[in-house]
Amino acid sequence: MSISDLFDSGFKKRNEDHFAAIVRVAMDDGIITEDEKAFLDRLARNLDISEADYKQILKDYQSHPINPPTSYDRRLERLYDLARMVYADHIKGEKQVLLLKKIGIGLGFSPNNVMYVVDKALTLVNDGVDLDTFMEEIKNMNR
């Protein structure tokens, strides 16, 4: 096996685990709504999850470990990407906030402040900020 094969398989495995963690968050209430399904479909495409892997993960999402990023910057990068996807899917209002709150907790944000982080993330994405501005604003939102 070549080094590129190892890198590719590791990257693919992290994407699958990340996707499975988001599925687990979506399944927290026992169902996947139409909005959540549309979001998962888009996320699977963006993470290059095959149709077969997608179906397998939906069926057996609990077998994948939850590995939220340990780095705060990586959590912010994922939140930025996921907030942009939710926003692009035109999930609005309470559904948008609920989905991102679930995702935020899944990414490792504290349940006590996830609503503030989600509210700020949605405002920043709505304003069209880039990743660097997003990260800086979230890091300094309490100042």
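Residues numbered from 1 in each chain as written. Predicted model: local features only at pLDDT ≥ 70, side-chain atom pairs only at ≥ 80, totals over all residues. Heavy atoms only, no water.

Undergrad: What is the right way to read the overall build of the protein from this model?
TA: Helix and strand content of the protein: seven helices and zero strands. The order of α-helices and β-strands along the protein, N terminus first, is α-α-α-α-α-α-α. Within the protein, buried positions represent 36% of all 143 residues. Of all intrachain contacts in the protein linking residues separated by at least 6 positions in sequence, the fraction that spans at least 24 positions is 68%. (Helix = DSSP H or I, 4+ residues; strand = E, 2+ residues; numbered from the N terminus. Buried < 20%, exposed > 50% of the residue type's maximum accessible area, 1.4 Å probe, protein only. Contact = heavy atoms within 4.5 Å.)

Undergrad: What should I look at first to understand the packing of helix 6 (residues 114-126) against helix 7 (residues 131-139) in this one?
TA: In a packed pair of helices, the relevant descriptors are the angle between the two axes and the axis-to-axis distance. Contact geometry for helix 6 and helix 7: axes closest at 10 Å, N-to-C directions at 150°. Between helix 6 and helix 7, the angle is such that the two are roughly antiparallel. Note that helix 6 runs across helix 7; the crossing there is right-handed. Between helix 6 and helix 7, the contacting residues are V117, K120, A121, L124 and V125 on the first element and F134, E137 and I138 on the second. Residue classes in the contact of helix 6 with helix 7 are distributed as six nonpolar, no polar and two charged. (Axes fitted to C-alpha atoms, helices over the stretch in contact; angles between N-to-C directions. Parallel < 35°, antiparallel > 145°, perpendicular 65-115°, else oblique. Left-handed = near helix turned anticlockwise from the far one by under 90°. Nonpolar A, V, L, I, M, F, W, Y, C, P; charged D, E, K, R; others polar.)

Undergrad: How should the nonpolar core be read in this particular structure?
TA: A general feature of soluble globular proteins is that nonpolar side chains tend to end up buried together. Of all hydrophobic cores here, the largest spans 37 residues; its most connected members are F19, F39, L43, L82, I103 and F134. Within the residue set of this core, elements represented by two or more residues are helix 1 (3-26), helix 2 (34-46), helix 3 (51-59), helix 4 (72-88), helix 5 (93-106), helix 6 and helix 7. Excluding its chain neighbours within four sequence positions, the residues that come into contact with F134 are L76, L79, Y80, A121, L124, V125 and V129. (Core = buried A, V, L, I, M, F, W, Y, C linked by side-chain atoms within 4.5 Å.)

Undergrad: I'm lost on helix 2 in this one. Help?
TA: Helical geometry: 3.6 residues make up each α-helical turn, so side chains three or four residues apart lie on a common side. Look at helix 2: 18 Å from first C-alpha to last across 13 residues, which is about the 18 Å you get at 1.5 Å a residue. One or two steps after helix 2, the chain reaches D48, where phi turns positive at roughly 60°. (Expected span 1.5 Å × (residues − 1).)

Undergrad: Any chance you could explain the packing of aromatic side chains here in plain terms?
TA: A ring pair, where both rings are aromatic, is described by two values, the distance of the centres and the angle of the planes. The tally for this structure, following the rule as stated, stands at three aromatic pairs. Judged by centre distance (6.2 Å) and plane angle (70°), the rings of Y72 and F109 are edge-to-face. Within this pair, whereas Y72 is found in helix 4, its partner F109 is found in the loop between helix 5 and helix 6, the two being separated by 37 residues in sequence. With centroids separated by 5.0 Å and ring planes inclined at 55°, the aromatic side chains of Y80 and F134 adopt a geometry described as tilted. Pair noted here: Y80 is in helix 4 and F134 is in helix 7, with a separation of 54 residues, a long-range link. This pair shows no difference in class: Y80 is buried, exactly as F134 is. Above the ring of F109, the side-chain terminus of R75 is found at 5.3 Å from the ring centroid. (Phe/Tyr/Trp six-rings, centres within 6.5 Å; stacked < 30°, edge-to-face > 60°. Lys NZ or Arg CZ within 6 Å of the ring centre and 35° of its normal.)

Undergrad: Can you help me understand the environment of I32 in this one?
TA: As for its position among the elements, I32 is in the loop between helix 1 and helix 2. Assessed through its relative accessible area of 28%, I32 is described here as partly exposed. Once residues within four sequence positions are removed from consideration, I32 is found in contact with A26, M27, K37, L40 and L58.

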